[in-house]
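Residue-level listing of the chains:
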Amino acid sequence: MSSVNPKPYDHSQPVEYKSIRLIISDDNQIEIKDLVSDIDIFEHLDKPYLTGVMNILDNRDLFGAIDINGATRINITLKTNLGSSGGNKNKEVTREFFIDHIISSKKYQEKGEMYTVHLLESFEYLSNMTSINKAYVGTCSRIISKLIQNIDTDNEIDFFSTEKDIQNMKVIIPYLSVTDAMAWIKNRAHTTEGYPFYLYTTFAGPRTINFFDLKTLLKANPINKIPYSFSSTKTHSEKDDKIYSDRQRTVILDYKSNDTENLYTLIERGMLTSFVQHIDVTSQIKKDPITFKIEDVLDTLSNDQIIDLSPSSFDYNINEIKYLTSPQITGKMITQIGGTFSYDTLESTGSRGDTRLNSYSESIGTAGYKGQMVSRTMDALMKKDPLTITVNGIDFLQGDESTTIGNKIRVSFPINDTEFPSTRTTDYKKSGDYLIYSARHSFRGNAYTVSLTGMKLNGMDQNDT
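All values reported here derive from a predicted model rather than from experimental measurement.

### A closer look at the environment of T273
Thought 1: Mapped onto the fold, T273 is located in strand 17 (residues 273-280).
Thought 2: On the accessibility criterion, T273 (7% relative accessible area) is buried.
Thought 3: Distance in space between the C-alpha atoms of T273 and E295 is 8.9 Å, their sequence separation being 22 residues.

### Here we look at the pairing of strand 1 (residues 15-25)
Thought 1: As judged from the eight bridges shared by strand 1 and strand 5 (residues 72-80), these two strands associate in the antiparallel manner. Bridging across to strand 5, V15 finds its partner in T80.
Thought 2: Note: strand 1 against strand 2 (residues 28-31), four bridges, orientation antiparallel. In the strand pairing of strand 2, L22 is matched with I30.

### Here we look at the packing of aromatic side chains
Thought 1: A full pass over the atoms with the stated rule returns eleven aromatic pairs.
Thought 2: Judged by centre distance (6.5 Å) and plane angle (85°), the rings of Y198 and Y437 are edge-to-face. Of this pair, Y198 sits in strand 13 (residues 197-200) while Y437 sits in strand 22 (residues 432-443); the two residues are 239 residues apart in sequence, bridging distant segments of the chain.
Thought 3: When its relative accessible area of 11% is taken as the criterion, Y437 is described as buried.
Thought 4: Ring geometry for F203 versus F443: centroids 6.3 Å apart, planes at 65°, classification edge-to-face. Taken together, the positions of F203 in the loop between strand 13 and strand 14 (208-213) and F443 in strand 22 put the pair 240 residues apart, joining distant regions of the chain. The pair F203 / F443 is uniform in exposure class, with both members buried.
Thought 5: Among the aromatic residues, those joined into a cluster by ring pairs are F203, F443 and Y448.

### A word on the nonpolar core
Taken as a class, soluble globular proteins show a tendency for nonpolar side chains to be buried jointly.
Thought 1: With 74 residues, the main nonpolar core has I20, I32, M54, I74, I389, F443 and L452 as its most contacted residues.
Thought 2: Broken down by element, the residue count for this core peaks at seven residues, all from helix 11 (residues 365-382).
Thought 3: Discounting chain neighbours no more than four positions away, the residues touching I389 are Y228, I252, D254, Y255, I409, V411, F413, V450, S451 and L452.
Thought 4: I148, V178, L199 and F211 belong to the second-largest nonpolar core, a separate cluster that totals 23 residues.

### Considerations on the sheet that holds strand 13
Thought 1: Strand order in the open sheet formed by three strands is 10-14-13, with mixed pairing between adjacent strands. This sheet does not close on itself; its edge strands, each paired only once, are strand 10 (158-161) and strand 13. On average, adjacent strands in this sheet sit at an angle of 10° to one another, irrespective of strand direction.
Thought 2: Pairing of strand 10 with strand 14 involves four bridges; the strand directions are parallel. Residue pairing for strand 14: F160 is matched across the bridge by N210.
Thought 3: This element, helix 3 (residues 140-148), spans strand 10, strand 13 and strand 14 of the sheet and lies at about 170° to strand 10.
Thought 4: Set on the sheet, helix 4 (residues 178-186) makes contact with strand 13 and strand 14; between it and strand 13 the angle comes to about 165°.

### Points about the environment of Q29
Thought 1: Counting through the fold element by element, Q29 comes out in strand 2.
Thought 2: Taking C-alpha positions, Q29 is 9.5 Å from N75, a pair spaced 46 residues apart along the chain.
Thought 3: Each residue touching Q29, except ones within four places of it in the same chain, is listed here: R21, L22 and I23.

### Considering the packing of helix 3 against helix 4
Thought 1: Where helix 3 contacts helix 4, the two axes come as close as 10 Å, and the packing angle between them is 175°. Relative to helix 4, the element helix 3 lies roughly antiparallel. On helix 4, the residues touching C140, I143, I144, L147 and I148 of helix 3 are V178, A181, M182, I185 and K186.
Thought 2: Across the contact of helix 3 with helix 4, the residue classes break down as nine nonpolar, no polar and one charged.

### Section: the confidence of the model for the chain
Caution applies to low-pLDDT parts of the model: their predicted coordinates are not meant to be read in detail.
Thought 1: Residues with a pLDDT of 70 or more make up 75% of the chain, whose mean pLDDT is 80.
Thought 2: Confidence scores differ between elements of the chain, with helix 10 (residues 346-349) showing the lowest mean pLDDT of 42 and strand 13 the highest of 97.
Thought 3: Residue range residues 345-354 is modelled with pLDDT below 50. Its contacts to residues more than four positions away, or to other chains, number 13 contacts.

Criteria and cut-off values
Residues numbered from 1 in each chain as written. Predicted model: local features only at pLDDT ≥ 70, side-chain atom pairs only at ≥ 80, totals over all residues. Heavy atoms only, no water. Helix = DSSP H or I, 4+ residues; strand = E, 2+ residues; numbered from the N terminus. Buried < 20%, exposed > 50% of the residue type's maximum accessible area, 1.4 Å probe, protein only. Pairing = 2+ DSSP bridges. Phe/Tyr/Trp six-rings, centres within 6.5 Å; stacked < 30°, edge-to-face > 60°. Core = buried A, V, L, I, M, F, W, Y, C linked by side-chain atoms within 4.5 Å. Contact = heavy atoms within 4.5 Å. Axes fitted to C-alpha atoms, helices over the stretch in contact; angles between N-to-C directions. Parallel < 35°, antiparallel > 145°, perpendicular 65-115°, else oblique. Nonpolar A, V, L, I, M, F, W, Y, C, P; charged D, E, K, R; others polar. pLDDT = per-residue confidence, 0-100.

This is the structure:
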């Protein structure tokens with residue numbers, strides 16, 4: 001753990017703590033950047049706000065003089081420290097948080113104490129103070145954009161959406177906070193093909209809330225031209241600015257892969273095979289349930305060229321998954337009640353059969369309810385085999401756009417075969433293009449790294465090596 005702040009324009013320090021201010025009131029702000037040792041900022045593809053953890057070495061009786069009561073604001077401004085060589089430009093990132101609670105404190109030497117505080121972005125903190133209980137009409141993306149307007153923040157928040165959600169509904173938010181209501185609506189959204197949506201914000205780049213569908217994210221190109229590669233030997237140059245060379249930037253410093261390949265849970269939730277039954281309470285005609293199989297999902301992903309189902313591909317688990325959906329396996333029965341058409345009135349839709357406002361759980365026909373299963377299954381498949389890599393962070397705090405969650409990165413791992421070496425040197429299963437699902441920005445004074453958790457559906461194509 002470092003206890004010193006980076007020195008301005010010291011090129012061994014990739015990031016400078018430009019300003020870290022405790023905001024007691026608009027007229028009373030205290031600069032504490034010299035007291036801060038470590039900062040961790042967390043992003044997540046299912047959260048429209050940031051969280052964080054900060055270590056503060058208090059040797060000025062700061063916490064004794066100021067009442068840190070769970071409602072103290074803190075403004076953080078970080079600046080990249082690249083100089084002007086090679087066309088690099090220094091960038092600044094500013095975000096405001098609340099210290100919502102103190103995690104721990106420990107005496108540090110004789111006249112100091114190390115406080116570890118938890119940070120919650122202002123948007124989420126203010127959201128928790130706002131309860132929503134009102135009706136909204138429209139698509140999921142339009143309802144979410146309206147919900148954001150309930151938060152009165154100092155800085156304007158832009159909302160971006162692919163607007164490919166097809167659910168046109170009328171809902172009453174049941175006394176939820178703004179972000180809980182946004183997540184509740186997000187969980188109902190999917191595209192015509194069944195792709196789920198993700199609702200998120202990022203640390204770098206403009207302050208925005210994004211509502212993008214999985215297909216759009218997966219069809220994008222990786223942001224890195226040179227794959228992030230794992231090697232047992234790390235490169236480092238002592239020459240000025242060489243620490244930021246392409247080779248150094250793309251070294252995987254560490255990685256971990258936990259809780260992977262859990263098909264049992266998917267089977268338990270009926271996501272490999274099941275019977276989907278739609279009961280229309282307004283109709284006397286009984287409809288037979290339709291069979292949902294994971295092949296429906298895999299064929300969609302294959303048709304969109306997201307996965308490769310050819311026999312020569314390195315998508316290892318596809319054949320195993322298909323085996324588990326053989327005719328001998330009956331699966332589960334999933335029943336959905338619908339057809340009440342609570343909001344199907346002449347005033348709202350003109351006539352029955354035209355554009356209809358569904359309630360929250362309602363879909364149009366059995367195919368609509370099956371689409372909900374497809375959406376949940378795609379999300380679960382994406383999260384089945386996560387991988388977390390730690391890399392140098394300097395490339396993730398530059399530019400006007402974020403390069404973390406919601407983006408794809410390409411990684412490469414060597415094959416685990418030293419006894420029988422072959423012409424193939426790449427581990428095709430672990431290597432490939434990953435969609436970044438969560439990110440942890442770690443600032444340690446003299447170091448800046450990013451831990452990226454990625455999810456993917458397929459291995460690396462042989463042509464990508």
